[in-house]
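So the chains spell out like this:
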Amino acid sequence: MDKRFAIFDMDGTLVDSMPFWQNLAEEYLHSKGIAKVAPAILEQIKPMTMTQSAALFVREYELSGTPETIAAEMNRNVEEHYKQDVPLKPGAQQYLQKLRKNGVRMCVASATAEPLMQACLARLDVLECFDFLLSCEEVGAGKTQPDVYHAAAKKLGAVPEEIAVYEDAYYAGKTAKNAGYHLVAVYDGCAGDCWNEMRQLADEVICSWEEGEFI
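Regarding the pairing of strand E5 (residues 182–186)
Now for step 1: With five of its five residues buried, E5 lies for the most part within the structure.
Now for step 2: Burial along E5 is two-sided: the face carrying His182, Val184 and Val186 and the face carrying Leu183 and Ala185 are both buried.
Now for step 3: Traced from E5 through helix H10 (residues 195–201) to strand E6 (residues 204–208), the parallel crossover comes out right-handed.

This is the structure:
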């Protein structure tokens with residue numbers, strides 16, 4: 001594909017933040033006195049926005065507060081990691097800079113709240129590579145639906161067939177692919193259990209930003 005437009009996922013694709021997110025729900029619920037969190041709940045929240053996850057916690061565990069206030073508390077729990085120690089994946093900066101030099105217009109579409117995206121990507125010196133950041137929270141739907149990709153495409157002034165979408169998660173990649181986007185699968189160890197399916201689905205595969213391995 002002769003790339004002119006690109007939509008990047010952030011967590012697990014550009015930055016190595018998934019270990020922080022994997023522990024977030026359990027840490028938060030433990031802090032509310034819930035000793036054991038059902039594995040099915042942790043699996044269920046993977047494609048959800050923070051507010052959707054919080055709404056599930058309210059229903060399942062009868063937490064006090066609204067989904068919005070609980071989501072805000074959870075965001076505060078991870079905010080310091082984004083500001084201080086979530087790392088960029090090796091080689092990602094060089095890849096982004098090359099695309100930018102070639103005139104590719106880029107944005108980030110993520111389930112993470114926009115202020116956290118901004119804080120993290122600014123600290124890692126890649127924020128200037130992107131035209132804008134778009135959160136699933138703003139759109140009102142997670143990546144099991146194509147809304148965030150379509151909203152990003154509209155802001156880019158392009159149609160799905162012109163846009164490369166970079167994702168590490170199979171469910172998100174499947175959504176983008178089914179909506180007509182050029183899917184670039186990016187390997188992340190935390191999503192490794194679905195990597196074979198992701199490779200088969202994708203139009204392009206990146207095993208490592210650093211090594212520039214393309215399949």
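Re unusual backbone geometry
Now for step 1: Notably, Glu62 is not glycine yet its phi reads approximately 55°, a positive angle.
Now for step 2: Assignment of secondary structure puts Glu62 in the loop between helix H3 (50–61) and helix H4 (67–84).
Now for step 3: Of the residues examined, Glu62 reaches a relative accessible area of 72% and is grouped as exposed.
Now for step 4: We note that Asp125 has phi near 65°; this positive angle belongs to a residue other than glycine.
Now for step 5: Overall, Asp125 belongs to the exposed group, its relative accessible area being 52%.

Observations regarding the pattern of salt bridges
Now for step 1: Taken as a whole, this structure holds 10 salt bridges when the rule is applied.
Now for step 2: In this structure, the salt-bridge partner of Glu128 is Arg100, at a minimum N-O distance of 3.5 Å. In this pair, Glu128 sits in the loop between helix H6 (114–123) and strand E3 (132–135) while Arg100 sits in helix H5 (residues 92–101), placing the two residues 28 residues apart along the sequence.
Now for step 3: Relative accessible area serves as the criterion here: at 57%, Glu128 is assigned to the exposed category.
Now for step 4: Of the charged contacts, one joins Asp203 and Lys177 as a salt bridge, the two residues approaching to 2.6 Å between their closest N and O atoms. Of the two residues, Asp203 is situated in the loop between H10 and E6 and Lys177 in helix H9 (residues 170–178); the sequence distance between them amounts to 26 residues.
Now for step 5: Judged by its relative accessible area of 38%, Asp203 is partly exposed.
Now for step 6: Taken together, the shared-partner salt bridges in this structure form one network comprising Asp9, Lys143 and Glu167.

Overview of the packing of helix H1 (residues 18–31) against H4
Now for step 1: H4 packs onto H1 with a crossing angle of 135° between their chain directions and a minimal axis gap of 11 Å. By the angle class used here, H1 and H4 are oblique. For the pair H1 and H4, the crossing hand works out as right-handed. Here Phe20, Trp21, Leu24, Ala25 and Tyr28 of H1 lie close against H4, whose contacting residues are Ile70, Glu73, Met74, Asn77, Val78, His81 and Tyr82.
Now for step 2: Here the contact of H1 with H4 is composed, by residue class, of nine nonpolar, two polar and one charged.

Describing the packing of aromatic side chains
Now for step 1: This structure, assessed with the given rule, holds eight aromatic pairs.
Now for step 2: Aromatic pair Tyr95 and Tyr166: ring centres 5.8 Å apart, planes at 75°, arrangement edge-to-face. With Tyr95 in helix H5 and Tyr166 in strand E4 (residues 163–167), this pair connects stretches of sequence that are 71 residues apart.
Now for step 3: Taken together, the ring pairs connect Phe8, Tyr95, Phe130, Tyr166 and Trp209 into an aromatic cluster.
Now for step 4: Over the face of the ring belonging to Phe132 we find Lys155, whose NZ or CZ atom lies 4.4 Å from the ring centre.

Parameters at a glance
Numbers given to residues run from 1 along each chain, matching the order in which its sequence is written. With the structure being a predicted model, the display of local features is reserved for residues of pLDDT at least 70 and the display and counting of side-chain atom pairs for 80 or more, all residues being used for whole-chain, interface and lining totals. Here the side-chain values reflect all heavy atoms present in the structure, with hydrogen atoms and water set aside. Exposed residues in this analysis have more than 50% of their type's maximum accessible area, buried residues have under 20%, and partly exposed residues fall in between, with area computed by a 1.4 Å probe over protein chains only. Where helices and strands are cited, they refer to DSSP runs of H or I of at least four residues and of E of at least two residues respectively, numbered from the N terminus. Seen with the strands pointing away from the viewer, any crossover whose path from the first strand over the helix to the second strand runs clockwise is right-handed. Criterion for a salt bridge: a side-chain nitrogen of Lys or Arg within 4 Å of a carboxyl oxygen of Asp or Glu. To obtain each axis, a line is fitted to C-alpha atoms, and for helices this fit is confined to the stretch in contact; angles are then taken between N-to-C directions over 0 to 180 degrees. To sort the angles, those under 35 degrees are grouped as roughly parallel, those over 145 as roughly antiparallel, those from 65 to 115 as roughly perpendicular, and the leftovers as oblique. Crossing chirality is assigned from the near helix's rotation relative to the far helix, an anticlockwise turn below a right angle marking it left-handed and a clockwise turn marking it right-handed. Contact criterion: two residues are considered in contact whenever any of their non-hydrogen atoms come within 4.5 Å of each other. Gly is put with the polar residues, along with every residue not named as nonpolar or charged; the nonpolar set is Ala, Val, Leu, Ile, Met, Phe, Trp, Tyr, Cys and Pro, and the charged set is Asp, Glu, Lys and Arg. Aromatic rings from Phe, Tyr and Trp, taking only the six-membered ring of Trp, are treated as a pair when their centres fall within 6.5 Å; an angle between ring planes under 30 degrees marks them as stacked, one over 60 as edge-to-face, and anything in between as tilted. Cation placement over rings: the criterion is NZ of Lys or CZ of Arg within 6 Å of the ring centroid and within 35° of the ring normal.

Any functional reading would require information beyond the geometric quantities listed.
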